[in-house]
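Analysis of the macromolecular model
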Amino acid sequence: MAAADSGVVPASENQLKRAVNLRGLTLISLGSIIGSGWLLGALTASKAAGGASILSWLLAGLVLALLALVHAELGSTYPVSGGTARFPYMVFGSLGGFTGGWMAFVQAVTIAPIEVEATLGYLNAKFTGLNLVNANGTLDGKGILIGAGFMLVFTTINLVGVRWLAESNSITMIWKLLVPTITIFALLFTTFHFHNFTAGGGFAPYGFHGIFAALPLGVVFAIEGFEQAIQLGGEAENPQRNIPRAVIGSMIIGTIIYLLLEIAFIGALDPAQIAHGWAAPIAGKSAYGPYATLATAAGLGWLSTILIIDAVVSPAGTGLVYIGTSSRLSYGLGRNGYYPPVISRIDRRGVPVVSIIICFVIGMLVFLPFPSWGGLVGLVTSATVLMYAFAPLSLGGLRKQDPDRPRAYRLPMAQVLCPLAFILANFIVYFAGWSTIFWLYMLTLLGFIVFAIYQFSIPAERRTIIDWKAAGWVIPWLIGLAIISWQGEYSSTPDTVFGLTLTPTKNLPTWWDLAVIAAFSLIIYYWALAVTMSKQKVHEAVEEVEQEAESAQEVKAMG
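What counts and how
- Residues numbered from 1 in each chain as written.
- Predicted model: local features only at pLDDT ≥ 70, side-chain atom pairs only at ≥ 80, totals over all residues.
- Heavy atoms only, no water.
- Salt bridge = Lys/Arg side-chain N within 4 Å of Asp/Glu carboxyl O.
- Helix = DSSP H or I, 4+ residues; strand = E, 2+ residues; numbered from the N terminus.
- Buried < 20%, exposed > 50% of the residue type's maximum accessible area, 1.4 Å probe, protein only.

1. What to know about the pattern of salt bridges
The final tally for this structure, using the stated rule, is 4 salt bridges. The partner of E73 in a salt bridge is R399, with the nearest N and O atoms 2.8 Å apart. Separated by 326 residues along the polypeptide, E73 in helix α4 (residues 53-77) and R399 in helix α16 (residues 373-401) bring together distant segments of the chain. A relative accessible area of 0% places E73 in the buried class. A salt bridge links D467 to K537; its shortest N-O distance comes to 3.6 Å. Residue D467 is located in the loop between α18 (434-457) and α19 (474-487), and its partner K537 is located in helix α21 (residues 535-558); the two are separated by 70 residues in the primary sequence. Under the relative-accessibility criterion, K537 is labelled partly exposed at 35%. Within the structure, one salt-bridge network assembled from shared partners comprises E73, R399 and R407.

Listed below in structure tokens is the structure:
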């Protein structure tokens, strides 16, 4: 698949610069993991699963750790910016690459405004006179104006250069790690009720259904983000060594912090609030600031003040990172020829300036009257996990068609763990519910429409060549997941969006639904591996990625 034939955009005069070291990569991934999820995720998880929500966090940590290990091999072996958008391209061609890349872009570009919405909602709940949020949870005019200010700051820092992004994130990470740690110990040692874990109907009042349902309601959203070090792979120093360490290290630290936060949260709840159920562990507007409410109730006014400040710092730090990484994903989409080459243009500072500005504009659109933080979390989680699901497929295909490539890190037992990772990713998408999957597919369809319009607007010789055989499994996979979700047990929260209510039929009973997904996932996985592009085409696609990586290394050496 030569560049001239594939629609791949040739490198511009300016190149990405390898300026991010191990510390910067680790903190960028960790900065993505610790955001508004820690401020709000524990409450939504406990409402869905009660005391057993700690199992939801453990399960999410294990699933994402497996996916992180898959990404660690891919990112260190093929270190290129916007990696999650480009790994599927190398093995399944343009259609597979575009689908994976678009999913990655959708989740990344919406997270910065979601983090800002979380900040403003938290502040509005604490200081009711601000009037930043409407009754339905969306931002009002003043809230949108302040949100635009946050987005403008994120964009400006990213435009200055990737080194500024890494260093700015490193500064905020000191605070972002310190505050959750202080909160954990303060609540554990001042107000902790062991019997809260069995209150309101026992340890697991809603059974395994509740444990699984909690996953897309903020749990997976909170822990996700490890892949951000991979998105900056083309700007990483010594990527073969540093990317696996950053991905795995950030996942371990993030999962431990979130698990301890959930334990501290449940133990600090007022027993009277959960004696008869978990519908409202923290009632009213206080639910927008659960940890601050618990700190105040425990007589820890100083901690409540710190948490209010953190409601700005933690989400803002995550938003800062995602403006940068989402722009690298759109850069990747442009480099692969899916969208106009202007979006992959690099300026003299080595940053994709047009992509960054596009991400700012799209982020501003998310502030319009779309669903609030809680409603968007399920959508973003599903897009993220579908993006993650391409990784085990890509690794399996690249192990098959590019087996002799030196690999600084090799996933052990890949023949078992790759299909297992794909099954588990599909489980989490299914748990998000039928309505969430429907609206995610509407956004996916929008991406395909824009892709088609651009392709038909350019001369035939410049159009992206689609290998229909290599990507023939993509549409059946997405349609199959939708049908299973429609027939399954899990409803979305909320299940009414833009006035349209979508509820599952519940024709597939519990456990049988998971068996169907597992069998369906294995069929898709082995189908995808059977129809990968030829070794020659895979090698040509990989060579294009390697040339870009070498260019980035040369720029670093000259700098």
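Okay, back to it.
2. Quick look at unusual backbone geometry
Backbone phi values are negative for most residues with the exception of glycine, while trans is the configuration of most peptide bonds. The backbone phi angle of M413 is positive, close to 50 degrees, even though this residue is not glycine. Summarising the element assignment, M413 is placed in the loop between α16 and α17 (414-431). Residue classification places M413 among the exposed positions, given a relative accessible area of 61%. For W511, which is not glycine, the phi dihedral falls at a positive 80 degrees. By the element assignment, W511 lies in the loop between β2 (500-501) and α20 (512-530).

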